Amino acid sequence: MQIVVIGAGAAGLLAAAEAARRGAQVILLEKNTKTGVKILMSGGTRCNLTHNTDARGICEAFGHAKRFLQPSVGAFPPVDVVAMFAEAGVATKVESTGKIFPESNRAIQVRDALHQMAVDAGVQIRLQSGVQDVHRTETGWSVKTEAESIAADRVIVTAGGRSWPGCGTTGDAYRWLSELGHTIVTPRPALVPLVGGNQWMHDLSGVTLEDCVATVRNREAKRKQAAMVRRSSWLFTHFGFSGPAAMDVSGVMTAASSMKEVRLELDLVPEWDDAKLESTLSDRKTDGGRRRVAAVMSQWMPNRLADAVTQFADADHTIAELPAANRRRLIDAIKRLPIPVSGTRGFDKAEVTAGGVTLKEVDSRTMESRICKGLYIAGEVLDVDGWIGGYNFQAAFATGRAAAIAAAT
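Residues numbered from 1 in each chain as written. Predicted model: local features only at pLDDT ≥ 70, side-chain atom pairs only at ≥ 80, totals over all residues. Heavy atoms only, no water.

- An unreviewed UniProt entry annotates the protein as Putative FAD-binding dehydrogenase of Rubripirellula reticaptiva.
- Taken from UniProt, the Cofactor (unreviewed entry) comment for the protein reads in full: "FAD". (UniProt positions renumbered as here; feature names shortened; annotations may be inferred.)

### A look at the sheet that holds strand β14 (residues 228-236)
Consideration 1: Here seven strands make up an open sheet; going across it, the order is β17-β16-β13-β14-β15-β12-β18 and the pairing antiparallel. What marks the edges here is a single partner per strand, and that holds for β17 (337-339) and β18 (341-344). Each adjacent strand pair in this sheet contributes to an overall mean axis angle of 40°, direction not counted.
Consideration 2: Sheet analysis places strand β13 (residues 208-218) next to β14, joined by seven bridges and oriented antiparallel. Bridge assignment links Val213 to a residue of β14, and that residue is Arg231. (Pairing = 2+ DSSP bridges. Helix = DSSP H or I, 4+ residues; strand = E, 2+ residues; numbered from the N terminus. Axes fitted to C-alpha atoms, helices over the stretch in contact; angles between N-to-C directions.)

### Description of the domain arrangement of the protein
Consideration 1: By the assigned domains, the protein splits into domain 1 (2-189 + 350-408) and domain 2 (194-344).
Consideration 2: A straight line from the C-alpha centre of domain 1 to that of domain 2 covers 38 Å.
Consideration 3: Taken together, the contacts link five residues of domain 1 with nine residues of domain 2.
Consideration 4: Summed over both sides, the interface of domain 1 with domain 2 buries roughly 670 Å², with 59% coming from carbon and sulfur.
Consideration 5: Considering only the side of domain 1, the residues that lose the most area to domain 2 are Arg188, Trp387 and Ile388, jointly responsible for 67% of the buried surface there.
Consideration 6: At the boundary of domain 1 and domain 2, one finds zero salt bridges.
Consideration 7: Across the contact surface, domain 1 and domain 2 share four residue pairs in polar contact (both at pLDDT 80 or more).
Consideration 8: Class assignment for the residues of the side of domain 1 that touches domain 2 results in three nonpolar, no polar and two charged. (Domains from an automatic or database assignment. Contact = heavy atoms within 4.5 Å. Buried area = accessible area lost by both parts, 1.4 Å probe. Salt bridge = Lys/Arg side-chain N within 4 Å of Asp/Glu carboxyl O. Polar contact = N/O pair within 3.5 Å; in protein donor to acceptor, adjacent residues only side chain to side chain. Nonpolar A, V, L, I, M, F, W, Y, C, P; charged D, E, K, R; others polar.)

### With respect to the packing of aromatic side chains
Consideration 1: This structure, assessed with the given rule, holds eight aromatic pairs.
Consideration 2: Judged by centre distance (6.0 Å) and plane angle (70°), the rings of Phe236 and Phe241 are edge-to-face.
Consideration 3: You can call Phe236 buried: its relative accessible area is 1%.
Consideration 4: With a centroid separation of 5.6 Å and 80° between ring planes, the pair formed by Trp387 and Tyr391 is classed as edge-to-face.
Consideration 5: The exposure class assigned to Trp387 is buried, which follows from its relative accessible area of 19%.
Consideration 6: Classification of Tyr391 as buried rests on a relative accessible area of 7%.
Consideration 7: An aromatic cluster of at least three residues, connected via ring pairs, comprises Phe85, Phe393 and Phe397.
Consideration 8: The side chain of Arg230 reaches across the aromatic face of Trp387, ending 3.6 Å from its centre.
Consideration 9: The positively charged end of Lys276 is found above the aromatic ring belonging to Trp272, 4.3 Å away from the centroid. (Phe/Tyr/Trp six-rings, centres within 6.5 Å; stacked < 30°, edge-to-face > 60°. Buried < 20%, exposed > 50% of the residue type's maximum accessible area, 1.4 Å probe, protein only. Lys NZ or Arg CZ within 6 Å of the ring centre and 35° of its normal.)

### Section: the packing of helix α4 (residues 66-75) against helix α14 (residues 391-408)
Consideration 1: Closest axis-to-axis distance for the α4/α14 pair is 8 Å, and the angle between their directions is 85°. With respect to α14, the element α4 is oriented roughly perpendicular. Contacts between α4 and α14 pair Leu69, Ser72, Val73 and Ala75 from the former with Gln394, Ala395, Ala398, Thr399, Arg401 and Ala402 from the latter.
Consideration 2: A class-by-class count of the residues in the contact of α4 with α14 yields six nonpolar, three polar and one charged. (Parallel < 35°, antiparallel > 145°, perpendicular 65-115°, else oblique.)

What follows is the structure, encoded as structure tokens:
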């Protein structure tokens, strides 16, 4: 059994190693001069390789794709990923956010472990071998690179999407997968910083809000309905917004045909409800009434943000002098601050790609194409994108492994 794996990223390296361990002759093709380029850049070069949760927790991060991922992630959950790396000599640690990193904080250790797994299993790794075409033959498959045509019994496509194109992920596979009959959901940036904001928000560049809730709503929907809600940290930037909460909701926002169709709100103090804020901001007893509103708010958020929000809500008063109408406006700003968004930083700054091969055309248990027998598709080239925090690497590992097991059987 000869298997060609296209793309030596997280999914491809693991798929190649797994298939070779099961007796297949495996050739792993990579267009770059080294394997795992995107792994090396991920997590600020630390590589957040999975998340401290179970299979259900991982799948919940993938929205429309969560049911599709259940079989593969259920068979290879985070605890197994951690065990795999431990066996390969990569000790890991869990951070307070639930993110799992190598203890060394070095992404190269993760890449090297995956690369060595493939080498030890007998995989032939061919670098600078970008695939130009994949087509069926009478006996199986032919994979064409600039230098050669390779015959294969089965092909596993793990070529990635379009995020971080500097890593070589330029969406090459979409063309030949489409020519083979697959439907490609229009790729779009996800886990990407947002562009927008008013001038006073830009003036907050560098300010981090450690705990907030970002909510995306369809403008035509009723107020109670939300397209996505994420609670995490938030960063104000000179161009707009970044940080986990902003990046997590970015994929839902880019799914809209226009940013004008969605609205983004920020709850600056999720631990406080409207009633508690109302009570605190109307308490005029003893010395409390003489305190300025911004000084009270600075107990809950960074000083610069407290000052800016009070100015935005026309609430730059003492508690005693704050009119009831202004207090209501301030509470609304604290709990439902409108965040104007005009776009994103695009694929160049996106950590993952949303869109790709539609899931209806892939068997969720084996990753085999429902259109082309003997063709398996895994990783980011599929229409799957999850939250920030190691979820996407976990999905890549699980789908790559599932494809390998099925292809090598």
